[in-house]
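Below are the chains, spelled out letter by letter.
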Amino acid sequence: MKKDIENKLIDKNTKPTSMRILVYDFLSSQNTALSLSEIENHFDNADRTTIYRTLKTFEEKGIVHSIQENTTTKYKLCEDDCDEKTHKDWHLHFYCKICKQTTCKEDISFPENIQTNFRIDEIRLFAKGICENCLENLQ
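Everything numeric here is computed off the predicted structure, so don't read it as measured data.

Enquirer: Got a minute to help me understand the packing of helix α1 (residues 2-11) against helix α2 (residues 18-28) in this structure?
Expert: Two packed helices can be described by the angle between their axes and the distance between those axes. Between α1 and α2, the shortest axis-to-axis distance is 10 Å and the interhelical angle comes to 105°. Considered as vectors, α1 and α2 are oriented roughly perpendicular to each other. Counted together, Lys2, Ile5, Glu6, Lys8 and Leu9 of α1 and Arg20, Ile21, Tyr24 and Asp25 of α2 form the full contact between these two elements. In terms of residue class, the contact of α1 with α2 is built from four nonpolar, no polar and five charged.

Enquirer: Would you mind showing me how to read the pattern of salt bridges here?
Expert: Proximity of charged atoms lets side chains of opposite charge pair with each other. Per the counting criterion, the structure on display carries six salt bridges. Here Lys2 makes a salt bridge to Glu6, at a shortest N to O gap of 4.0 Å. A residue pair is termed a helical-turn pair when its members lie 3 or 4 positions apart in one helix, as Lys2 and Glu6 do in helix α1 at four residues. The exposed category is assigned to Lys2, whose relative accessible area is 53%. Overall, the relative accessible area of 18% leaves Glu6 in the buried class. Between Glu40 and Arg48 there is a salt bridge, and its shortest N-O distance comes to 2.4 Å. Judged by its relative accessible area of 38%, Arg48 is partly exposed. Members of the salt-bridge network, linked through shared partners, are Lys2, Lys3 and Glu6.

Enquirer: What should I look at first to understand the nonpolar core in this one?
Expert: It is characteristic of soluble globular proteins that their nonpolar side chains tend to be buried jointly. Counting 20 residues, the largest nonpolar core has Leu27, Ile39, Ile51 and Leu55 as its most contacted members. At the level of elements, α1, α2, α3 (36-42), α4 (48-60) and β3 (72-77) are the ones that each hand at least two residues to this core. The element best represented in this core is α2, accounting for six residues.

Enquirer: Is there a simple way to think about the packing of aromatic side chains in this case?
Expert: When we look at a pair of aromatic rings, we describe it by the centre distance and by the angle of the planes. For the structure on display, the rule yields two aromatic pairs. Centroid distance Tyr24 to Phe58: 6.4 Å. Interplanar angle 75°. Geometry classified as edge-to-face. You can see Tyr24 sitting in helix α2 and its partner Phe58 sitting in helix α4, a full 34 residues away along the chain. You can call Tyr24 buried: its relative accessible area is 10%. An angle of 75° between the planes, with centres 5.8 Å apart, marks the rings of Phe26 and Phe43 as edge-to-face. Here Phe26 is found in helix α2, whereas its partner Phe43 is found in the loop between α3 and α4, with 17 residues between them in sequence. For Phe26, a relative accessible area of 11% gives the class buried.

Enquirer: In this structure, what is going on with the sheet that holds strand β2 (residues 64-69)? I would like to understand it.
Expert: Paired through their backbone hydrogen bonds, the strands of a sheet run either parallel or antiparallel. If you trace the three strands from one edge of the open sheet to the other, you get β1-β3-β2, paired in antiparallel fashion. Each edge of the open sheet carries a strand with a single partner, namely β1 (34-35) and β2. Sheet topology note: the β1/β3 ladder contains two bridges and is antiparallel. Bridge pairing links Ser35 to Lys74 in β3. Strand contacts of α2: β1, β2 and β3, with the helix running at about 85° to β3, the strand carrying the most contacts.

The rules we used
Residues numbered from 1 in each chain as written. Predicted model: local features only at pLDDT ≥ 70, side-chain atom pairs only at ≥ 80, totals over all residues. Heavy atoms only, no water. Axes fitted to C-alpha atoms, helices over the stretch in contact; angles between N-to-C directions. Helix = DSSP H or I, 4+ residues; strand = E, 2+ residues; numbered from the N terminus. Parallel < 35°, antiparallel > 145°, perpendicular 65-115°, else oblique. Contact = heavy atoms within 4.5 Å. Nonpolar A, V, L, I, M, F, W, Y, C, P; charged D, E, K, R; others polar. Salt bridge = Lys/Arg side-chain N within 4 Å of Asp/Glu carboxyl O. Buried < 20%, exposed > 50% of the residue type's maximum accessible area, 1.4 Å probe, protein only. Core = buried A, V, L, I, M, F, W, Y, C linked by side-chain atoms within 4.5 Å. Phe/Tyr/Trp six-rings, centres within 6.5 Å; stacked < 30°, edge-to-face > 60°. Pairing = 2+ DSSP bridges.

What follows is the structure, encoded as structure tokens:
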């Protein structure tokens, strides 16, 4: 697993440091987007600044995309085809008002192949509501 992560980072022109490997591994095991604090809480003795710099490097290299929720930024791993120039997270980011989780809804997306005379580098689709799990629990 560690070698796979190292190769993914190298493919994205990112030096595979120990912290970068740990953060990538942790994010790859998550189903929801996480804030810096949530990621930091997972690592007992890690420096907050190092984690923040890791996430910013990942974002610049097309490894994670950020999702802005009011005053909080959350992070989720990108698909493999994202790169330094273009994040292809053209899907809906959904925040549940009950469980407070943010998930990527890839089945709801903006079409990538539209013809324009300009280049779209990033689209941010964000919705708030009640997720399917919380809706089921309300019934």
